[in-house]
Amino acid sequence: MTRAAIFGAGSWGTAFAQILADAGAERVVLWARRPEIADGIRDRRRNPDYLPEIELDPVVTATTDPAEAAAGADLVVLAVPSQTVRANLAEWGGHLPTDVPVVSLMKGIELGTGLRMSQVVEDGGVAAERIVVVTGPNLSREIAARQPAASVVAGADHAAADRVAAACMTPYFRPYTQTDVVGAELGGAVKNVIALAVGMAEGLGYGDNTKSSLITRGLAETARLGQALGADPATLMGLAGVGDLIATCMSPLSRNHRVGVALGQGQSIEQVLAVPHQTAEGVKSCRSVVELGASQDVEMPICQGVTAVVAGQITPERLTGELMTRARKHERH
Ligand SMILES: NC(=O)c1ccc[n+]([C@@H]2O[C@H](COP(=O)([O-])OP(=O)(O)OC[C@H]3O[C@@H](n4cnc5c(N)ncnc54)[C@H](O)[C@@H]3O)[C@@H](O)[C@H]2O)c1
Ligand SMILES: O=P(O)(O)OC[C@H](O)CO
């Protein structure tokens, strides 16, 4: 029976705690940054700020002490924002067990280094064969409501991925194992940027043809980047690619989609981010995705345009015009 430590008690960390508990975990300890979050989970079995509608199973508890969270864990899960995980690992690293799988739930590319999250975790001192990525069309609020969803559990070591998949399989959460970590992570990172673009289109008042065109051409950008970085194209046609792209681009529950809608409606990025909201990874990862693409000579016009809108350099209307008037070309190029 699993004894898990989940670092990060936000939406996905909390929903994943419920998954592990429903899958039969003996104990799940959430590490929370803020004492009031840990108190709510420990004393009232509810996270007061993230998915407060879930009554957490009694096996779920919480602490603000990383050593206490990690003690005795046979599975470590990381569920913090992509851009903070390097600093977080530097702070907690000494407390983490050295011989258990470490699961990354993050979907992003690190700014400045262009590294995928598993690479950042590896830099933090975790051996590659212990790192497992869980990704796919998994909007936390739907998972919290125990609505059926499938997911990808990818690890360079299939045995580690299989161990994690066994620990998180429930009647509403169906994990498929994978060894293509590169494809799984790229699918999860780039779809957030495409969801910003689709949200902008919605905010501008455009309908489903526009959104479908952006999703499909966004997939083409992801596939080009994946090919350059050695991903298996089949991974991007699966849950971690097409699956997550559809869920994130189309759902009003997606934070990336919602930020895109607000930008499309004419708000500035400062106005959008001034409203307290949860992590919309694409806002930061758009730039790192574009830089990663440039480092590989991969053309990513939608991601480039989103990055320019987020930087305040162009409006969503102008992005539409620029994308629609690019030189004609073969669909596969
Ligand atoms: N929410 C989802 O539906 C979902 C699904 C799949 C993957 N993800 C990915 O999981 C990751 C976490 O997302 P989330 O939805 O839980 O985000 P969230 O915004 O709901 O929660 C983030 C958590 O990290 C904490 N945090 C913020 N800054 C921190 C810092 N500097 N140090 C330590 N902790 C910090 C917050 O307090 C919060 O507990 C993201 O990469 C996201 O893309 C989210
Ligand atoms: O709310 P978002 O935009 O971070 O999307 C959540 C998940 O990644 C969907 O799979």
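Cut-off values and rules
Residues numbered from 1 in each chain as written. Chains lettered and ligands numbered in written order. Predicted model: local features only at pLDDT ≥ 70, side-chain atom pairs only at ≥ 80, totals over all residues. Heavy atoms only, no water. Phe/Tyr/Trp six-rings, centres within 6.5 Å; stacked < 30°, edge-to-face > 60°. Helix = DSSP H or I, 4+ residues; strand = E, 2+ residues; numbered from the N terminus. Buried < 20%, exposed > 50% of the residue type's maximum accessible area, 1.4 Å probe, protein only. Near = heavy atom within 4 Å. Polar contact = N/O pair within 3.5 Å; in protein donor to acceptor, adjacent residues only side chain to side chain. Areas by Shrake-Rupley, 256 points an atom, 1.4 Å probe, with all protein chains shown as cover. Nonpolar A, V, L, I, M, F, W, Y, C, P; charged D, E, K, R; others polar. Domains from an automatic or database assignment. Expected span 1.5 Å × (residues − 1). Contact = heavy atoms within 4.5 Å. Pairing = 2+ DSSP bridges. Axes fitted to C-alpha atoms, helices over the stretch in contact; angles between N-to-C directions. UniProt positions renumbered as here; feature names shortened; annotations may be inferred. Parallel < 35°, antiparallel > 145°, perpendicular 65-115°, else oblique. Left-handed = near helix turned anticlockwise from the far one by under 90°. Buried area = accessible area lost by both parts, 1.4 Å probe. Salt bridge = Lys/Arg side-chain N within 4 Å of Asp/Glu carboxyl O.

Enquirer: Hey, could you go over the packing of aromatic side chains for me, with residue numbers and the actual values?
Expert: Across all of its chains, the model carries six aromatic pairs by this definition. Seen in terms of ring centroids, F16 and F173 are 6.4 Å apart; in terms of plane orientation they differ by 85°. Their pairing is edge-to-face. Highlighted residues: F16 in helix α1 (residues 11–22) and F173 in strand β8 (residues 173–178), separated in sequence by 157 residues. Here F16 matches F173 in class, with each residue buried.

Enquirer: Please set out the site of ligand 1 residue by residue, giving values where relevant.
Expert: Among the 23 residues in the neighbourhood of ligand 1, the closest are listed as S11, S140, R255, T279 and E281. Side-chain polar atom of R33 to an oxygen atom of ligand 1: 3.3 Å apart, as the coordinates give it. N88 places a side-chain nitrogen or oxygen 2.9 Å from a nitrogen atom of ligand 1. When ligand 1 sits alone it has 820 Å² of accessible area, and the protein chains cover 89% of it. Tallied by class, residues from the shell around ligand 1 come to 10 nonpolar, nine polar and four charged. No fewer than three residues from each of domain 1 (3–179) and domain 2 (183–324) sit in the shell around ligand 1.

Enquirer: Talk me through helix α14 (residues 282–295); I want residue IDs and the actual numbers.
Expert: The end-to-end C-alpha distance of α14, which contains 14 residues, comes to 19 Å, matching closely the 20 Å that a straight helix rising 1.5 Å per residue would cover. Along α14, the positions that sit buried rather than exposed are G282, V283, S285, C286, S288, V289, V290, L292 and G293. Considering only its buried residues, α14 is in contact with α8 (181–203), α9 (208–229), α12 (255–264), α13 (269–274) and α15 (301–310). In the segment just after α14, D297 is the residue with positive phi, at about 60°.

Enquirer: Talk me through the sheet that holds strand β7 (residues 149–155); I want residue IDs and the actual numbers.
Expert: In space, the eight strands of this open sheet follow the order β3-β2-β1-β4-β5-β6-β7-β8, with mixed pairing throughout. Pairing within the sheet leaves two strands with one partner each, and these edge strands are β3 (60–63) and β8. Across this sheet, the average inter-strand angle for adjacent strands is 25°, counted without regard to direction. Relative to strand β6 (residues 131–135), strand β5 (residues 102–104) runs parallel, the two sharing three bridges. Within β6, the residue paired with V103 across the bridge is V132.

Enquirer: If you had to explain the site of ligand 2 to someone new, which residues and values would you point to?
Expert: The local shell around ligand 2 consists of K107, G136, P137, N138, L139, K191, D244, T248, S254, R255 and N256. Within the side chain of D244, one N or O atom sits 2.6 Å away from an oxygen atom of ligand 2. A total of 310 Å² of accessible area belongs to ligand 2 in isolation, and the protein chains cover 92% of it. Among the secondary structure elements, those contributing two or more residues to the shell around ligand 2 are α11 (239–250) and α12. Counted by class, the shell around ligand 2 contains two nonpolar, five polar and four charged residues.

Enquirer: Just give me the short version of the UniProt feature "active site" (unreviewed entry) in the chain, but keep the residues and values in it.
Expert: UniProt's entry tags K191 with the feature "active site" (unreviewed entry), counted in the numbering of this structure. Its place among the elements puts K191 in helix α8.

Enquirer: How would you explain the packing of α15 against helix α16 (residues 316–324) if you had to name every residue and give the values?
Expert: Direction vectors running N to C along α15 and α16 enclose 160°, while the axes themselves pass 10 Å from each other. Relative to α16, α15 is oriented roughly antiparallel. Seen from above, α15 lies across α16 with right-handed handedness. Taking contact as the criterion, the partners of P301, I302, G305, V306 and V309 in α15 are, on α16, P316, L319 and L323. Classifying every residue of the contact of α15 with α16 gives seven nonpolar, one polar and no charged.

Enquirer: Could you give an account of the UniProt feature "binding site: NADPH" (unreviewed entry) in the chain, with specific residues and numbers?
Expert: Those places that UniProt annotates as "binding site: NADPH" (unreviewed entry) correspond, in this numbering, to S11, W12, R33, R34, Y50, K107, S140, R255 and E281. With a relative accessible area of 16%, S140 lands in the buried category. Apart from residues lying up to four places away in sequence, S140 is in contact with S11, W12, A15 and L51. With respect to the element layout, E281 can be found in the loop between α13 and α14. Within the structure, the side chain of E281 is placed 2.9 Å from the backbone nitrogen of S82, a separation counted as a polar contact.

Enquirer: Could you give an account of the domain arrangement of the chain, with specific residues and numbers?
Expert: The domain boundaries assigned to the chain delineate domain 1 (3–179) and domain 2 (183–324). Computed from C-alpha atoms alone, the centre-to-centre distance between domain 1 and domain 2 is 25 Å. Each partner contributes to the interface: domain 1 provides 30 residues, whereas domain 2 provides 26 residues. Contact between domain 1 and domain 2 buries roughly 2100 Å² in total, counting both sides, with carbon and sulfur atoms accounting for 66%. Considering only the surface of domain 1 that becomes buried against domain 2, K107, I109 and L139 emerge as the three largest contributors, covering 27% of it. In this structure, the connection of domain 1 to domain 2 is made through two salt bridges. As a salt-bridge pair, K107 and D244 come within 2.7 Å of each other at their nearest N and O atoms. For the pair domain 1 and domain 2, the interface holds eight residue pairs in polar contact (both at pLDDT 80 or more). Where the side of domain 1 that touches domain 2 is concerned, the elements lending two or more residues are α5 (117–123), β6, α6 (140–144), β7 and β8.

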